Amino acid sequence: MKLKVLFTNELPFMIQLPNGIYPVMVKIYDETDKVFNLKLSDEVFKLHINPFANSKTATYLEGEKEYLENYIVRNRISSYAFTPCKSYISCVFEEDFEVTEEMINEINKEELIERFKTIIISGRLEHIEQDELQKSANDMFDGADEEALKEMKKELIIHNKLSSMFFLVYPYHEALNKFIKQYSYSRNDVFVETITMHTLSGTYVQSFRDGNLVEQTKAAGKMSSIAPYDKWMNDIEENDLITLKERLINYFEIPPTRDLLIMARNLNERGEYRSAIINASAALEVAVEQKITEKMLNDGKTQSEIDRYLKITKTDFPRRCDEHLKEKTGKSLVADESSLWTLIKEHRSKYRHKIAHSSLMPGEKDSDKAVNDFEEAVNWVNSL
C-alpha cells in the first residue's frame with residue numbers, strides 16, 4: 001500500500017520567487033539527513049463556502065482556481081466567495097508500506113485495548129469516565145474473534161506508521177524557516193520573517209492511504225494557534241475587569257519587570273529567541289536594581305546616594321545579586337538560591353553575553369528554559 005502525508009501552509013507574506021519545488025535538507029530526530037521538497041505556489045485561493053458566517057460557522061476550502069470552480073459546480077454551492085492566498089507552501093511524503101506477520105505478532109493486548117479506547121472516545125460527544133472507558137474497551141476486545149483482532153492489529157500498525165509520518169511536521173517547520181532565511185538573504189527581502197507554529201496558526205496535515213483521505217487535522221502548539229477567532233481564555237472576573245478599566249483611565253504604569261517578561265514570552269512565541277532571552281535577562285537586572293532602590297528609599301537615602309551605591313556594581317552583576325542585595329534585603333540570590341543562580345549564571349554566560357556580541361542563535365527549548373528561569377528569579381527578588 002502507499003501511505004502519504006501532506007503538510008500545507010499559507011505564509012503570512014509573499015515570497016518573491018517562481019512557483020516550483022525547492023528541496024531543503026534538514027536533519028531529523030536521529031540526526032539523519034532528509035530532504036523536504038517545499039512546493040511554492042502563488043496560485044492558491046481560499047473558497048469561502050459560507051462567506052457571511054460568524055467565526056464558528058465559517059467554512060472554507062483551499063486549492064487552485066480550477067479545482068475550486070469544479071468543486072462549486074459538483075456540490076451546487078450557491079453562496080461563496082474567493083480570496084487569493086499569499087505564498088502557499090505544501091510538502092508531501094509518500095512511502096510504500098506493507099504490514100508483515102512479524103509486525104502483527106508484535107502487537108499485544110494492551111496496545112489493542114488502548115486503540116479501542118481511542119476509537120470509543122472519538123465516537124462520543126459527551127465525556128466518559130475512565131472506568132467506563134476501560135470496561136468498554138475490554139468488552140470490545142473480548143467480543144472480537146481472532147480474525148477481527150488480526151485486522152485490528154493491521155489497522156493499528158498502519159495508524160502508527162501514519163502517526164510517525166505526521167511528526168515530520170516539526171522538521172518541516174525547520175525546513176520552512178531555512179527556506180525563508182535563505183530566500184531573505186539571497187534577495188535581500190526584509191519583509192519576511194521566520195515562523196513558529198503559533199505565527200503560522202498551525203499546519204494542516206492530511207494523511208492518505210492508497211489515495212484515500214484517512215485523517216485531516218491541524219498541528220498546532222497552543223489553543224490560540226488553532227482557534228484564532230475564538231476566546232480561548234476563561235471569562236475575566238468582574239473585579240479584574242473593573243481594575244483593568246480603572247488602570248486604563250488613570251495612567252497606570254505596568255511594572256517594568258512584568259512588561260519585559262511579557263515581551264520576552266511574546267518574542268518567544270514568534271520565534272525571536274535571541275530577543276526573548278535578552279528581555280528576560282533585563283527583567284532580572286531591573287528587578288534587582290529596583291529592590292535595592294526600594295529598600296534604600298525606605299531607609300531614607302537620597303537618590304544621589306542610591307545612584308552612587310548602584311554605580312559600584314554597575315559592571316558586576318554577580319556582586320550586586322550577592323553582597324549588595326543581601327546588605328539591603330538580608331537575602332542573597334547567589335547564596336540563598338544557589339541552584340537557581342547557577343542556572344542564571346549559565347544563561348547569562350551562554351546566551352545573554354554571547355547573543356549581544358556574537359551570531360549565536362538559541363533554539364526554542366533553550367529560550368523556553370532561560371525565560372522560565374529568569375522569571376523565577378525575578379519573582380524571588382520581588383518577594384523580598
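I will try to describe carefully the structure that is included in this document. (Residues numbered from 1 in each chain as written. Predicted model: local features only at pLDDT ≥ 70, side-chain atom pairs only at ≥ 80, totals over all residues. Heavy atoms only, no water.)

### Considerations on the pattern of salt bridges
One side chain can pair with another of opposite charge once the charged atoms of both are near each other. Under the convention used in this document: By convention in these notes, a salt bridge is any Lys or Arg side-chain nitrogen within 4 Å of a carboxyl oxygen on Asp or Glu. For the purposes of this entry, the term helix denotes a DSSP run of H or I that reaches at least four residues, the term strand denotes a run of E that reaches at least two, and both are numbered from the N terminus. The cut-offs for exposure are 20% and 50% of the maximum accessible area for each residue type, with area from a 1.4 Å probe on protein chains only; residues under the lower value are buried, those over the upper are exposed, and the others partly exposed.
Using the criterion set out here, one finds 17 salt bridges in the structure. Lys 117 is the salt-bridge partner of Glu 114, the closest N and O atoms lying 3.1 Å from each other. A residue pair is termed a helical-turn pair when its members lie 3 or 4 positions apart in one helix, as Glu 114 and Lys 117 do in helix H3 (residues 109-122) at three residues. Given a relative accessible area of 8%, Lys 117 falls into the buried group. Note that Lys 328 is salt-bridged to Glu 327, the shortest N-O span being 3.7 Å. For Lys 328, a relative accessible area of 19% translates into the label buried. It is possible to trace a salt-bridge network through shared partners that takes in Glu 10, Lys 46 and Glu 62.

### Overview of the sheet that holds strand S3 (residues 33-41)
Heads up, the condition is: Only when DSSP finds a minimum of two bridges between them are two strands counted as paired. For helices, the fitted axis covers only the stretch in contact; all axes are lines through C-alpha atoms, and the angles between them, taken along N-to-C directions, range from 0 to 180 degrees. Contacts are residue-level and defined by heavy atoms, with any inter-residue pair within 4.5 Å sufficient.
With respect to topology, six strands assemble into an open sheet ordered S2-S3-S7-S1-S8-S9, the strand pairing being antiparallel. Looking along the sheet, the strands with just one partner apiece sit at the ends: strand S2 (20-27) and strand S9 (212-219). With direction set aside, neighbouring strand axes in the sheet form an average angle of 25 degrees. Of the strands in this sheet, strand S1 (2-10), S2, S3, strand S7 (88-96), strand S8 (203-209) and S9 are in contact with helix H6 (residues 169-187), which crosses S2 at around 115 degrees.

### Concerning the layout of surface pockets
As a reminder of what qualifies: Both cavities and pockets are sets of points on a 1 Å grid over the protein atoms alone; in a cavity a 1.4 Å probe fits but cannot get out, in a pocket the set is open with protein on both sides within 12 Å along at least five of seven lines, and lining residues sit with an atom within 4 Å of a point. Grid points are joined across faces, edges and corners, and a volume is the space filled by probe spheres set on the points.
Taken as a whole, the second largest pocket holds about 1200 Å³ of empty space. Considering the residues around the second largest pocket, the lining is formed by 34 residues, among which Asn 177, Ile 195, Thr 196, Tyr 273 and Glu 364 are closest to the centre. Sorting the residues of the lining of the second largest pocket by element identifies S2, H6, helix H9 (256-269), helix H10 (273-298) and helix H15 (364-382) as the ones contributing at least two each. No other element matches the eight residues that H6 contributes to the lining of the second largest pocket.

In short, shape yes, function no, at least from these values alone.
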